[in-house]
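An overview of the molecular structure
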Amino acid sequence: MLIVDNLDKQYGELTAADGIRFTAGDGQGFGLLGPNGAGKSTTINCISGLLTPTSGRIAVAGHDIATDGKAARRSLGVVPQELALYEDLPARENLNYWGKAYGLRGKALEARVNETLDYIGLADRARDLPKTFSGGMNRRLNFGCGIVHKPAVILLDEPTVGIDPQSRARLFDMVESERESGACIVYTTHYMDEAERLCDSLAIIDHGKLIANG
């Protein structure tokens, strides 16, 4: 479960997040919608630990991000809008890198990397470099890097930007599979069809404030 309680984030006189409060449960898809500059990315970056909130509390799978940050981050998978891939490493080594970053080692790491390659449909391209992949293949690898450690909470920040319809549908299937396996999904998007298909509840954010939630 994810708990965001009265989150504030200020940059000088600018308030990027103003009293944001919501919860998302296990096996649930939670959509965070809003225009560019509304505060979605600030909220996501505070949850992931990339930004330190000015005030408020965030807990990931029972771990407070401020007081138990290491455990919170190990329970969290992040699939960013910008590809978080190393272009000079083959697909398998990208997954190895992120698996190790989240504490996997030895046979457990090897098994999970192989499982993830099958899952994202890139087992036959495991030794190839991301720069040889299509946009959709890179998006699938980006997704795999975010879930290789089997996180309890997965943050997806507009993950379908710039990909073809077939790859988009494949990504939807993987998100739904993670949700059905019990993961808590937090999904930011501008596309209402994505929100309708993948989210059980929604929050709308604008000018740093939550204006609707349900």
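Basis of the calculations
Residues numbered from 1 in each chain as written. Predicted model: local features only at pLDDT ≥ 70, side-chain atom pairs only at ≥ 80, totals over all residues. Heavy atoms only, no water. Helix = DSSP H or I, 4+ residues; strand = E, 2+ residues; numbered from the N terminus. Rg over C-alpha atoms; globule rule 2.2 N^0.38 Å. Buried < 20%, exposed > 50% of the residue type's maximum accessible area, 1.4 Å probe, protein only. Contact = heavy atoms within 4.5 Å. Areas by Shrake-Rupley, 256 points an atom, 1.4 Å probe, with all protein chains shown as cover. Lys, Arg positive; Asp, Glu negative; His and termini not counted. Charge placed at Lys NZ, Arg CZ, Asp CG, Glu CD. Phe/Tyr/Trp six-rings, centres within 6.5 Å; stacked < 30°, edge-to-face > 60°. Lys NZ or Arg CZ within 6 Å of the ring centre and 35° of its normal. Pairing = 2+ DSSP bridges. Axes fitted to C-alpha atoms, helices over the stretch in contact; angles between N-to-C directions.

A separate point is the overall build of the protein. If you tally the helices and strands in the protein, you get seven helices and 10 strands. Over its C-alpha atoms the protein spans a radius of gyration of 17 Å, differing by no more than 12% from the 17 Å that the globule rule assigns to 214 residues. Oriented by its inertia axes, the alpha-carbon framework of the protein measures out at about 50 × 35 × 35 Å. A burial count over the protein gives 48% of its 214 residues as buried. Restricting the contact set of the protein to residue pairs at least 6 apart, pairs at least 24 apart contribute 69%. Counting every atom, the protein has about 10,100 Å² of accessible surface; 48% of that belongs to carbon and sulfur. Averaging the positions of the 23 positive and the 28 negative side-chain charges in the protein gives two centres separated by 6 Å.

Okay, the packing of aromatic side chains next. Under the defined criterion, the tally for this structure stands at three aromatic pairs. Following the ring pairs from residue to residue traces out a cluster consisting of Tyr-86, Tyr-97 and Trp-98. The lysine or arginine in question, Lys-9, covers the ring of Tyr-11, its NZ or CZ lying 5.3 Å from the ring centre. Taking the ring centre of Tyr-191 as reference, the NZ or CZ of Arg-168 above it sits at 5.6 Å.

Here six strands make up an open sheet; going across it, the order is E6-E7-E8-E3-E9-E10 and the pairing mixed. Unpaired on one side and paired on the other, strand E6 (76-79) and strand E10 (209-213) mark the two borders of the sheet. Looking at each pair of strands side by side, their axes are set apart by 20° on average, direction ignored. Sheet strands in contact with helix H1 (residues 40-48) are strand E3 (29-33), E6, strand E7 (153-157), strand E8 (184-189) and strand E9 (201-206), and its direction is about 150° off that of E7. Sitting on the sheet, helix H6 (residues 165-180) touches E3, E7 and E8, and the angle it makes with E8 is about 145°.

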